[in-house]
Amino acid sequence: MKNLIKTLKNIWSIEELRSKILYTLLLLFIYRVGTHIVLPGVNPEGLTRVAEQTKSNGILGLINTFAGGAFSQASIFALGIMPYISASIFVQLMTVLVPQFQKMQKEGESGRKKINQWTRYLTVAVTMVQASAYVAYLRQITGQAGGILPSYIDYFWLSTVVILTAGTMFVMWLGEKITDKGLGNGTSLIIMIGILARLPQSFMQELGSKSTRSGLILLFIVEIAILIAIIMGCIMLVQGVRKIPVNYAKQIVGNRQFGGARQFLPIKVNSAGVMPIIFAQAVLFLPTLFNLTGTATGTGIASMFQDHSNVGYMIVYAVVVIGFTFLYTALIFNPKQIADNLKQNNGFIPGVKPGQPTADYIGGIMDKITLPGAILLALVGILPGIAQRLGVQPSFSTFFGGTSLLIMVGVILDTLQQIETQLLMRQYDGLMKSGRIQGRTVTQASY
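Undergrad: Describe the packing of aromatic side chains, with residues and values.
TA: Enumeration according to the criterion identifies 9 aromatic pairs in this entry. Ring geometry for F77 and F170: centres 6.0 Å apart, planes at 20°, overall stacked. With F77 in the loop between helix 4 (58-66) and helix 5 (82-97) and F170 in helix 9 (residues 156-181), this residue pair connects regions lying 93 residues apart in the sequence. Aromatic pair F396 and F399: ring centres 6.4 Å apart, planes at 45°, arrangement tilted. Across the pair, F399 and F396 agree in class, each one buried. Each residue in the set F203, F220, F396, F399 and F400 is aromatic and connected to the rest through ring pairs, giving one cluster. Here the basic side chain of K243 rests over the ring of F264, its NZ or CZ set 6.0 Å away from the ring centre.

Have a look at this one:
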């Protein structure tokens, strides 16, 4: 306890770090206030059906989780940061597939600014499309009489699209400011704070459901213990790396000698991060469109893919996650580029020739460690469904795995790494007595 208090004092004594923490907390507070401001023209009393629909629908529940509950409350931040995330993913894939974007990425700071500008333009377009769909969704769920005030019906679509687009751009601006002047990873912190905002309510619902009988309290304690164990396992999955030894040839420049040291090239077990789970959830949302056919077969298919605790859904979901893990890892991980960088810096792997043999060696190791990483990631993805089948409330089961848990673990590790770096730069002890906290960006950006 003394070490903890001492570490907190050291953190608070660093003016720059203290300013970053307070600045980040202020912007996150502004974001949370905005999630409770209802759109003009929407009757708050008519949002009960929206909340019920988001609880029963998987993809809408995921959007509502990322938006911190703003989606179900018809807030000005109802779409949250998700349009920006979608645009960023698309641009990231373009930097791999399109030569022009690859050229911009290699231009350094100027290229990065161009890519960010294209991402912002695409975010506006994506937000306008999603805002239009959200207006149609509100009218379908609540009805114009019950959910939308009669005086706003004529221009409700235009005002809502403009406000939601402005709200998403404002949230994007908050994320960029947190990244520049705060603790970093602003977009991820906004998503995480939205997920954590629903934790107390979900926790109390689960506790209330287990308080009906005295024997169920013990079961609730076991659930918390399992949740802690799952979190520890996710930390190991996020931080797990395979170290490849690398030697650097000695170089003599003037009277000084450089190189000759042995280092390690860390290859992450889960290089794809949380992206395969997000892709899998988006793909498995498509079968729910069969519900629009009105046939019995279409309704049956839709009901299976809307129920995350369905065994068939979990099997298909796990297979899709494993497939996307290999696909996304192949897109973002380039063994050839790593081999060329080692060769340019006079580095080599012992027993492996430089050039193409080094690229083949690194690629072979990546293939071997990606399979267990993909299986573990698929297991984490289906854990919420397993928890529901074992009697956990649906809202609380989302914290047992899936996108929510992986994002929380990854963002918290990144934030702690930022704080630890600031402490070590000023000759203070780190957050841990032994070892170092590693974030998600060891070899490749995973999110």
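Now, onward.
Undergrad: Which residues make up helix 2 (residues 15-34), and what are the values?
TA: Helix length check: helix 2, at 20 residues, gives a terminal C-alpha distance of 29 Å against a target of 28 Å (1.5 Å per residue), a fit within 8%. Those residues of helix 2 that fall on the buried side of the exposure criterion are L17, K20, I21, T24, L27, L28, Y31, R32 and G34. Projection of helix 2 onto a plane perpendicular to its axis shows the buried side chains occupying an angular sector of 160°, all on one side. Among the exposed residues of helix 2, those oriented more than 90 degrees off its buried face are E15, L25 and F29.

Undergrad: Break down the nonpolar core for me, citing the residues and quoting the values.
TA: By size, the foremost hydrophobic cluster in this structure holds 76 residues, and its most contacted members are Y134 and Y317. In contact with Y317, not counting residues within four places along its chain, are I277, A280, Q281, L284, G381 and I382. Counting 13 residues, the second largest nonpolar core, distinct from the first, contains V246, L265, V352 and I369.

Undergrad: If you had to explain the pairing of strand 1 (residues 241-248) to someone new, which residues and values would you point to?
TA: Judged from the 7 bridges that link them, strand 1 and strand 4 (residues 262-268) form a sheet pairing that is antiparallel. By the bridge assignment for strand 4, P245 is matched with F264. As judged from the 2 bridges shared by strand 1 and strand 5 (residues 347-348), these two strands associate in the antiparallel manner. Following the sheet pairing, Y248 is matched in strand 5 by G347.

Undergrad: Break down the side chain of R32 for me, with residues and values.
TA: Note that R32 resides in helix 2. For the buried residue R32, which engages in no salt bridge, the nearest side chain bearing the opposite charge is D414, 20 Å off. Among residues more than four places away in sequence, those in contact with R32 are G68, I193, G194 and A197.

Undergrad: Hey, could you go over the sheet that holds strand 1 for me, with residue numbers and the actual values?
TA: Read from one edge of the open sheet, 3 strands run 4-1-5, paired in antiparallel fashion. Taken across any chain shown, the strands that pair with only one partner, and hence form the sheet edges, are strand 4 and strand 5. Against the sheet, helix 17 (residues 356-389) engages strand 1 and strand 4, with an angle of about 45° to strand 4.

Undergrad: Which residues make up the environment of V42, and what values go with them?
TA: Residue placement: V42 occurs in the loop between helix 2 and helix 3 (48-56). Judged by its relative accessible area of 8%, V42 is buried. Distance in space between the C-alpha atoms of V42 and L149 is 6.0 Å, their sequence separation being 107 residues.

Undergrad: Break down the packing of helix 16 (residues 335-344) against helix 17 for me, with residues and values.
TA: In contact at an axis separation of 8 Å, helix 16 and helix 17 are set at 130° when each is read in the N-to-C sense. By the angle between their axes, helix 16 is oblique relative to helix 17. At the point where helix 16 passes helix 17, the crossing takes the right-handed sense. Residues P335, K336, I338, A339 and L342 of helix 16 touch helix 17, and the partners they reach there are Q356, T358, A359, I362 and G363. Broken down by class, the residue content of the contact of helix 16 with helix 17 amounts to 6 nonpolar, 3 polar and 1 charged.

Undergrad: Residue-level account of the environment of R112, with values.
TA: Within the secondary structure, R112 is located in helix 7 (residues 109-142). For R112 and F101, which are 11 residues apart along the polypeptide, the C-alpha to C-alpha distance reads 10.0 Å.

Undergrad: Got a sec to walk through the side chain of E223? Specific residues and values, please.
TA: Mapped onto the elements of the fold, E223 is located in helix 12 (residues 214-239). One polar contact links E223 to K210, side chain to side chain, over a distance of 3.5 Å. Once residues within four sequence positions are removed from consideration, E223 is found in contact with E206, K210, V392, F396 and F400.

Undergrad: I'd like a description of the environment of A133, backed by residues and values.
TA: Its place among the elements puts A133 in helix 7. Residue A133 is classed as partly exposed on the basis of its relative accessible area of 47%. Once the C-alpha coordinates of A133 and V161 are considered, the two residues, 28 residues apart in sequence, prove to be 9.4 Å apart.

Undergrad: Break down the pattern of salt bridges for me, citing the residues and quoting the values.
TA: Following the criterion strictly, the structure yields 5 salt bridges and no others. Salt-bridge contacts for E16 lead to K20; the nearest nitrogen and oxygen are separated by 3.6 Å. Of this pair, E16 and K20 both sit in helix 2, 4 residues apart, roughly one helical turn. Taking the shortest distance from any N to any O, the salt bridge between E176 and R120 comes out at 3.2 Å. On the criterion of sequence distance, the pair formed by E176 in helix 9 and R120 in helix 7 is long-range, its members being 56 residues apart. Each of E206, K210 and E223 takes part in salt bridges that share partners, so that together they form one network.

Conventions and cut-offs
Residues numbered from 1 in each chain as written. Predicted model: local features only at pLDDT ≥ 70, side-chain atom pairs only at ≥ 80, totals over all residues. Heavy atoms only, no water. Phe/Tyr/Trp six-rings, centres within 6.5 Å; stacked < 30°, edge-to-face > 60°. Helix = DSSP H or I, 4+ residues; strand = E, 2+ residues; numbered from the N terminus. Buried < 20%, exposed > 50% of the residue type's maximum accessible area, 1.4 Å probe, protein only. Lys NZ or Arg CZ within 6 Å of the ring centre and 35° of its normal. Expected span 1.5 Å × (residues − 1). Arc of directions from axis to C-beta. Core = buried A, V, L, I, M, F, W, Y, C linked by side-chain atoms within 4.5 Å. Contact = heavy atoms within 4.5 Å. Pairing = 2+ DSSP bridges. Lys, Arg positive; Asp, Glu negative; His and termini not counted. Salt bridge = Lys/Arg side-chain N within 4 Å of Asp/Glu carboxyl O. Axes fitted to C-alpha atoms, helices over the stretch in contact; angles between N-to-C directions. Parallel < 35°, antiparallel > 145°, perpendicular 65-115°, else oblique. Left-handed = near helix turned anticlockwise from the far one by under 90°. Nonpolar A, V, L, I, M, F, W, Y, C, P; charged D, E, K, R; others polar. Polar contact = N/O pair within 3.5 Å; in protein donor to acceptor, adjacent residues only side chain to side chain.

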